[in-house]
Amino acid sequence: MQASIEPDNLPLLPWPTKVTLHDGRCHWDGLPLISAPAGRLTDGAERFRQALGLTTMITTDDPNASLTLDVSDPHGDLPVPDQDESYHLSITADGATIKATHWRGALHGLTSLLQLARRDGGISLPLCEISDEPRFGWRGIKLDCVRHFIELPTIKRIVNGMAHAKLNVLHWGLSNDQGVRVESKLRPALHEHASNEQFYTQDQIADLIEYAAARGIRIVPEFNMPGHATGFITAYPDLAITPPNGLCQTYGVFDGEFDPTNKAVFTFVQDLLDEFGPLFPDPVWHFGGDEVTGKTWEAAGVTTDTEDKATIQGRFTQKLAAQIKKAGKTPMGWEEIVHGKPDPDGLILETWLDTPESDANSPYQTVSATSFYLDHFLTAADHYRIDPGTAPTILGGEAAVWTEAMFDQTVETYIWPRTAAIAERLWSAANIKDETSMYRRLGLFDARLRRLGSPHHQARQAVLTSACGATPPDALTTLAGLLSPIAYYFIRWDDYGTDTPCTDLVQGLDSDPPAARAFAREVDRLIADNDGRVDGLGNVEACLNDWATLPQRLAPLFVEGGALHFYLPVLDGVGDLARLGLAVLDGRVPKHADDILARTAPLVGHDNSIMGLMTALLPAISDEARPLPFKRINIRIHEPVAKLVSHTRANTCA
C-alpha cells in the first residue's frame, strides 16, 4: 500500500512515505523488552515503554515480546541539521524491528510504533512494513516566550508533543519589546531591569536544551534586532537613538530599535554571542530583523533621500551576520532583512509575509512560517492546505506561536492538536492531503496526547470557569464548542496588555471546535444524500433543537451585570441560527433569514495569508455597525446553516 492510497487504514500522523500492510497482528501480553544500543536510545527506549504503558494502560512486562533497535550511528549527543531521520519499521508475528542510520530516525520509528499500538487483551500491533523519511529537514514551532512568559514545565510538555508529531526544531523567542527572558552574567541588566523578574536561568536553559536534545529536537534562540528591541534598550538605553520609557505593556509594532551607527551596539552583540553562543549549541542563531519602523532613525537623520530604511537595515544585517558567522553560527532572520539585499551566502530567511523578494526564486535558504500562524485561530484544515513549496532552497517550515493572546495556561490549547496537521504537511509527501483522513487521525493523535499528560483540554475548561465565576454548566461548554476566537481580537480590546487576566470567554475557545466541525460534516452529508428532501435528518435536527434552547438555559449567566453579559449578542446569534436551521429543515426559509445570516456572519473567513487576513480584518474591525462581541468571536455554525438556507432556496426555486 503506497502512502497516497489508503491512509485511513492506520492511525499514523504524520503519514509515512511508504506503508505495506499485511494480514494479521502481533500480540504482546505486556510491555516489550527492548534491545537497543547505548546512548540516546537507552533513554528513548525507556520513554517509549512508559508511553506505551500510559496509552494502553498496561504496566506488566512480557519477556517474550521482542523489540529491536538496529542503528548504525547511535552516537552523537546533539541533534543538528542534515542528520538522517529516516527509519524502517517491521512488525511481524515474532516482534518488531526498527532500523535507522541515526538515533533520531530510530526515535521516529518508536513514535510510529506507539501510534500503531492498541489495547486488545494486551498490546496489539498490525503486521506491516513502514519505510519513512521526512520531506523537510526543518519542522518546527516558533514559541514566543516574551509577550507572555511560558513556564519551563509547559515548554517541556510542548517539546513532548513535538516529538510525538515528529517535529524537530523549537525556535525559542527570548527577547522583544516586552522584555528579555534570559539570565545574563556578562550583561546582568538584561534580566535585572528588562524581564519583570520573569526569565530563564542559564541552568534552566541548559536543562531544557538537554531535555529537547534527548527527544531529537534542536533549540534555536531568537534575539530580535535592530527592531523589537525595547527590552534590550530598556536595560542599556545608550544603545538607542531615542531611549524608551520602559518595557512595552501593550502589543503592536513599536519604535524600540538600536542605533545602527553606534559601535557600542556591535560590542553588545559580541557580548551576547560570547555568552549565549556556547549556552545555545545549535549552529543557527536567529536575530529577528522584522518590523523595523525606522522612525527614530528618520528623526535623527540616519536615513536620507539616498539611504532609506531598507538600505540602513541591510548594512546593519551585514555587520551582524558577519559577527554571527565569526562566532561559528549561521545567521537567520525574518524576511524583511532581504529588503536591504544583504549577502545571501550562509544567511537563512524566515518568511511570514511571503513577499516577492522572499519567493521560491530567492537566493536565500528559507524556512516558511507563511500561513502557519497559530494566533490567526484558523482550522487545522486551513493550515493543512498550505505547502511550503518545492524549491531546493526551502529548508522547511514552522508553526508560529505568538503569545499576545496566549498565556502559560492556554498556550497548549492553541498548539494542539492543530500543529500536528502542520507537522504532517512538513513531514509527509505533498500528495497526502485528504482532510477527512487527516481529521480522523488528528482526533486519535489528540486523544493519545491527552493520555500522555497534555492538559490542553483541561486548560480550556479552566478559562470557562474563570469566565463565569463558577464551574461552567454543560450548556456553556456546549456554547463554547460552537464558537472560535478571531485573529488579533485583542487589537479591539480596550486596555488589553501584558497585565490582562485570562478570565474572558474568548480566551477559552477552540480555534477548530470539533462539535461545529461535526455539524458541518453532517449538513454536507444531508445535502448530498437527501437532494432537497427533509427525511433522514439524523443528528442535524437534534443538534439544532439543543442549540435553539441555549439562550434560555444560559440566561442567568448572561444577564446585565453578569460575568458574560458582554457576549449576549453572540448567545442570541447562536439561538437565532439554530431556529433558522430548524425552519429550513421544515422546508421553509423565513423572511428574516438574510438578516440573521448577515448579523452573525464571521468577521474573517479561511484566508491563511497575513495580507489577506489583514485586508479582510481591518475594515471589519473599524465597522461601527458590527457589535463588538462579534469582533472577538466567530459563530462556527453560521456556514453550515447558510448552506442549508441556500440549498433549500435552490430546491424550492427548482
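Bear in mind the structure is a predicted one, so any value in this text is a computation, not a measurement.

Asker: Hey, could you run me through the overall build of the chain in this one?
Answerer: For the chain, the helix and strand inventory stands at 22 helices and 19 strands. For 654 residues, the compact-globule estimate of 2.2 N^0.38 gives 26 Å, and the C-alpha radius of gyration of the chain, at 26 Å, lies within 12% of that figure. Along the three orthogonal principal directions, the C-alpha set of the chain runs to about 75 × 70 × 50 Å. For the chain, buried positions account for 58% of its 654 residues. For the chain, the proportion of contacts with a sequence separation of at least 24, taken over those separated by at least 6, is 76%. Here the chain displays about 25100 Å² of accessible surface, and carbon together with sulfur accounts for 50% of that area. Positive and negative charge centroids in the chain, built from 56 and 86 side chains respectively, lie 3 Å apart.

Asker: Is there a simple way to think about the side chain of T403 in this case?
Answerer: Secondary-structure assignment places T403 in the loop between β17 (394-401) and α11 (411-415). Take T403: its relative accessible area is 0%, and that puts it in the buried class. Separated by 3.0 Å, the side chains of T403 and D144 make a polar contact. Apart from residues lying up to four places away in sequence, T403 is in contact with D144, R147, H148, I150 and V411.

Asker: How should the environment of G443 be read in this particular structure?
Answerer: Note that G443 resides in helix α13 (residues 435-451). Classification of G443 by relative accessible area gives partly exposed; the value is 38%. Sequence separation between G443 and T304 is 139 residues, and the spatial gap between their C-alpha atoms is 56 Å.

Asker: Whenever I open this one, the pairing of strand β16 (residues 365-368) confuses me. Can you help?
Answerer: Remark: a regular strand shows side chains that alternate across the two faces of the sheet. As judged from the four bridges shared by strand β15 (residues 348-351) and β16, these two strands associate in the parallel manner. Bridge pairing links T351 to S368 in β16. Where β16 and β17 come together, three bridges link them in parallel fashion. Among the inter-strand pairings, V367 is bridged to a residue of β17, identified as G396.

Asker: What should I look at first to understand helix α2 (residues 103-116) in this one?
Answerer: Residues spaced three or four apart along an α-helix face the same direction, because each turn holds 3.6 residues. For α2, built from 14 residues, the straight-helix expectation of 20 Å at 1.5 Å per residue is met to within 8% by its first-to-last C-alpha distance of 20 Å. The buried fraction of α2 is high, at 14 of 14 residues.

Asker: Explanation requested: the packing of aromatic side chains in the structure shown.
Answerer: How two aromatic rings sit relative to each other is given by the distance of their centres and the angle of their planes. Per the stated rule, a full pass over the model turns up 19 aromatic pairs. With a centroid separation of 6.1 Å and an interplanar angle of 45°, the aromatic rings of Y373 and W402 are classed as tilted. Of this pair, Y373 sits in the loop between β16 and α10 (380-384) while W402 sits in the loop between β17 and α11, and the two are 29 residues apart along the sequence. A relative accessible area of 9% places W402 in the buried class. Relative to Y414, the ring of F377 has its centre 5.1 Å away and its plane inclined at 45°; by these criteria the two rings are tilted. Of this pair, F377 sits in the loop between β16 and α10 while Y414 sits in helix α11; the two residues are 37 residues apart in sequence, bridging distant segments of the chain.

Asker: How should unusual backbone geometry be read in this particular structure?
Answerer: Residues apart from glycine generally show negative phi values, whereas peptide bonds are mostly found in trans. Of note, the bond from L13 into P14 is cis; its omega dihedral lies within 30 degrees of zero at 0°. One can find P14 in the segment before β1 (18-28). A positive phi is found at K341, a non-glycine position, where the angle reads about 55°. Position of K341 among the secondary structure elements: in the loop between β14 (330-334) and β15. For K341, a relative accessible area of 66% puts it in the exposed group. Unusually for a residue other than glycine, S371 sits at a positive phi of about 70°. As for its position among the elements, S371 is in the loop between β16 and α10. The buried category is assigned to S371, whose relative accessible area is 7%.

Asker: For this particular structure, what's the right way to read the pattern of salt bridges?
Answerer: Close approach of charged atoms allows side chains with opposite charge to pair. Scanning all chains against the criterion turns up 27 salt bridges. Measuring nitrogen to oxygen at the nearest pair gives 2.8 Å for the salt bridge that ties E85 to R139. Here the residue E85 occupies a position in the loop between β3 (61-73) and β4 (87-92), and R139 occupies one in strand β8 (residues 138-144), the gap between them amounting to 54 residues. For the pair shown, E85 and R139 are each scored as buried. Three or more residues are tied together by salt bridges with common partners; here these are R40, D77 and E210.

Asker: I would appreciate a short explanation of helix α19 (residues 568-585) in the present structure.
Answerer: Across its 18 residues, α19 extends 26 Å between first and last C-alpha, which sits within 8% of the 26 Å expected from 1.5 Å per residue. Among the 18 residues of α19, 14 are classified as buried, and the element is accordingly described as predominantly covered. Among the residues trailing α19, G587 stands out with phi positive, at a value near 90°.

Asker: Looking at this model, I keep getting lost on the environment of L31. Mind explaining?
Answerer: Along the chain, the position of L31 falls in strand β2 (residues 31-35). Sequence-wise, L31 and Q50 are 19 residues apart; in three dimensions their C-alpha atoms are separated by 8.9 Å. Contact partners of L31, with chain neighbours within four places excluded, come to R49, L52, G53, I58, T59, T60, D61, D62, A65 and I123.

Asker: Just to check I follow, could you spell out the confidence of the model for the chain for this structure?
Answerer: Atom-level detail of predicted coordinates should not be read off regions where pLDDT is low. Per-residue confidence for the chain gives a mean pLDDT of 92, with 96% of residues at or over 70. In the predicted structure, residues 1-5 sits below a pLDDT of 50 and forms 13 contacts with residues beyond four places in sequence or in another chain. With pLDDT under 50 throughout, residues 532-536 is counted as low confidence; its partners more than four residues away or in other chains account for eight contacts.

Asker: Quick question: what am I supposed to make of the pairing of strand β9 (residues 169-173) here?
Answerer: β9 sits mainly inside the fold: five of its five residues count as buried. Of the two faces of β9, the one holding V169, H171 and G173 and the one holding L170 and W172 are both buried throughout. Looking at chain direction, β8 and β9 are connected through five bridges and run parallel. Bridging from a neighbouring strand, L143 pairs with W172 of β9. Note on the crossover from β8 through helix α3 (residues 152-164) to β9: the handedness is right-handed. Where β9 lies against strand β12 (residues 218-222), five bridges are found, and the strand directions are parallel. When the sheet's bridge partners are listed, G173 is paired in β12 with E222.

Asker: Hey, could you run me through the state of the cysteines in this one?
Answerer: One way to say it: the disulfide is the covalent bond shared by the sulfur atoms of two cysteines. Counted under the stated rule, the structure contains zero disulfides. Free of any disulfide, C145 has its nearest neighbouring cysteine sulfur in C502, separated by 16 Å.

So, how was this worked out
Residues numbered from 1 in each chain as written. Predicted model: local features only at pLDDT ≥ 70, side-chain atom pairs only at ≥ 80, totals over all residues. Heavy atoms only, no water. Helix = DSSP H or I, 4+ residues; strand = E, 2+ residues; numbered from the N terminus. Rg over C-alpha atoms; globule rule 2.2 N^0.38 Å. Buried < 20%, exposed > 50% of the residue type's maximum accessible area, 1.4 Å probe, protein only. Contact = heavy atoms within 4.5 Å. Areas by Shrake-Rupley, 256 points an atom, 1.4 Å probe, with all protein chains shown as cover. Lys, Arg positive; Asp, Glu negative; His and termini not counted. Charge placed at Lys NZ, Arg CZ, Asp CG, Glu CD. Polar contact = N/O pair within 3.5 Å; in protein donor to acceptor, adjacent residues only side chain to side chain. Pairing = 2+ DSSP bridges. Expected span 1.5 Å × (residues − 1). Phe/Tyr/Trp six-rings, centres within 6.5 Å; stacked < 30°, edge-to-face > 60°. Salt bridge = Lys/Arg side-chain N within 4 Å of Asp/Glu carboxyl O. pLDDT = per-residue confidence, 0-100. Right-handed = clockwise from strand over helix to strand, strands pointing away. Disulfide = S-S within 2.5 Å.

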